[in-house]
Amino acid sequence: MSIQVRDITHIYSEGLPYETVALKNVSFDVDDGQFVGIIGHTGSGKSTLLQHLNGLLKPKSGTIVVSGTDITADNAVLRDIRRKVGLVFQYPEYQLFEETVLKDVSFGPKNLGLEEDEIEERAVEAIRLVGLDPDEFGERSPFELSGGQKRRVAIAGVLAMKPEVLILDEPTAGLDPKAHRDILEMIKDVHQKEKNITILVSHNMNDIAALSDKILVMENGGLAMEGSPAEIFAESGKLKEMGLGVPEITDILVRLKERGFDIRQDIFSVDEAIKAIAEKLGGGE
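Residues numbered from 1 in each chain as written. Predicted model: local features only at pLDDT ≥ 70, side-chain atom pairs only at ≥ 80, totals over all residues. Heavy atoms only, no water.

A word on empty space enclosed by the protein. Any empty space left between the atoms is revealed when a probe the size of a water molecule rolls over them. This structure, assessed with the given rule, holds 1 cavity of 30 Å³ or more. Taken together, R122, E125, A126, L129, L159, A160, K162 and E194 make up the lining of the largest cavity. A per-element tally of the lining of the largest cavity places helix α4 (residues 116-129) first, with 4 residues. Considering only residue class, the lining of the largest cavity consists of 4 nonpolar, no polar and 4 charged. (1 Å grid on protein atoms, 1.4 Å probe; cavity = no way out; pocket = protein on both sides within 12 Å on 5 of 7 lines; lining within 4 Å. Points joined across faces, edges and corners; volume = space filled by probe spheres on them. Helix = DSSP H or I, 4+ residues; strand = E, 2+ residues; numbered from the N terminus. Nonpolar A, V, L, I, M, F, W, Y, C, P; charged D, E, K, R; others polar.)

Written as structure tokens, this is what we have:
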């Protein structure tokens, strides 16, 4: 399983006075099992790019090949694309509508024309995968749940389709700190269990650094930077010029380095940073 994006360009309202070039010649690859983080300020093209990856939008030019299938081709079958690529929008809980959690999570598989037994099996598995007990939550109304639980249910609805690619657009937006942490931990667990490609858009640099194998940095519709978390966040000056921040740990380590402490800059966890600082202090540096 892989994704190849080649020279994608997208223009909104082409030929009209308010024409907007949302994507400009964007190219990148995603390998099997990778966790990719996408960052960029508002209006940089992140959400437009995501909608191309599951066929919601078609580019003016360029191609996107997912697992050997050109999803930008005129004869591409959207139903097949959606089987492979699942997209979780911001505030997905607003799309919950069924009377029970089980029915809501079952909606996608049902539209695939599966047998009733497989539909229920997929729904129960997906509910369990997002950290909820199907026996406890299956027959409850989704509208009676907490904000974090609703979001889990909405993500379960996408997972029940068994996508080979899971795309999440700001999945922790609007959640309190505990629900934020819980959702991120759940996303990490799902990725490890399903071994699928996961693509995460977030403004939270700590989250992006902690989870991603590769980071794409979008600016003004183009791909400005691409690399590992260590490579991207080593360019803190460039990121700040784009109006982007760096993880809190990175900021601390950069400040320490400016003051003469030669500490590795590819550290993104608090525990590892404390250990590295302690080693330097213990070494008399």
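Across the 5 residues of strand β3 (residues 35-39), 5 count as buried, placing the element largely inside the fold. Burial of the side chains of β3 extends over both faces: F35, G37 and I39 are buried on one face and V36 and I38 on the other. Bridge analysis of β3 against strand β8 (residues 197-201) gives 4 bridges, and the strand direction is parallel. Following the sheet pairing, I38 is matched in β8 by V201. (Buried < 20%, exposed > 50% of the residue type's maximum accessible area, 1.4 Å probe, protein only. Pairing = 2+ DSSP bridges.)

This part covers the pattern of salt bridges. Under the criterion given, the structure shown has 10 salt bridges. The partner of K178 in a salt bridge is D182, with the nearest N and O atoms 2.7 Å apart. With K178 and D182 both in helix α7 (residues 177-194), this residue pair falls 4 residues apart, about one helical turn. Among the salt bridges present, the one from D251 reaches K240, with a minimum N-O distance of 3.8 Å. In this pair, D251 sits in helix α11 (residues 248-258) while K240 sits in helix α10 (residues 236-241), placing the two residues 11 residues apart along the sequence. Judged by its relative accessible area of 23%, D251 falls in the partly exposed class. The structure contains a network of salt bridges with shared partners spanning K240, D251 and R255. (Salt bridge = Lys/Arg side-chain N within 4 Å of Asp/Glu carboxyl O.)

A few words on the sheet that holds strand β9 (residues 214-219). The sheet built from 6 strands is open, its strands ordered β6-β7-β8-β3-β9-β10 with mixed pairing. Each edge of the open sheet carries a strand with a single partner, namely β6 (85-88) and β10 (222-227). Each strand of the sheet is rotated relative to its neighbour by a mean of 15 degrees, with strand direction disregarded. Relative to β9, β3 is paired through 4 bridges, and the arrangement is parallel. (Axes fitted to C-alpha atoms, helices over the stretch in contact; angles between N-to-C directions.)

Spatially, 4 strands are ordered β2-β1-β4-β5 in an open sheet, and the strand pairing comes out antiparallel. Across the chains shown, the open sheet's two edge strands, defined by having one partner strand only, are β2 (20-30) and β5 (69-70). Judged from the 2 bridges that link them, strand β4 (residues 61-66) and β5 form a sheet pairing that is antiparallel. Across the sheet, V65 pairs through a bridge with D70, a residue of β5.

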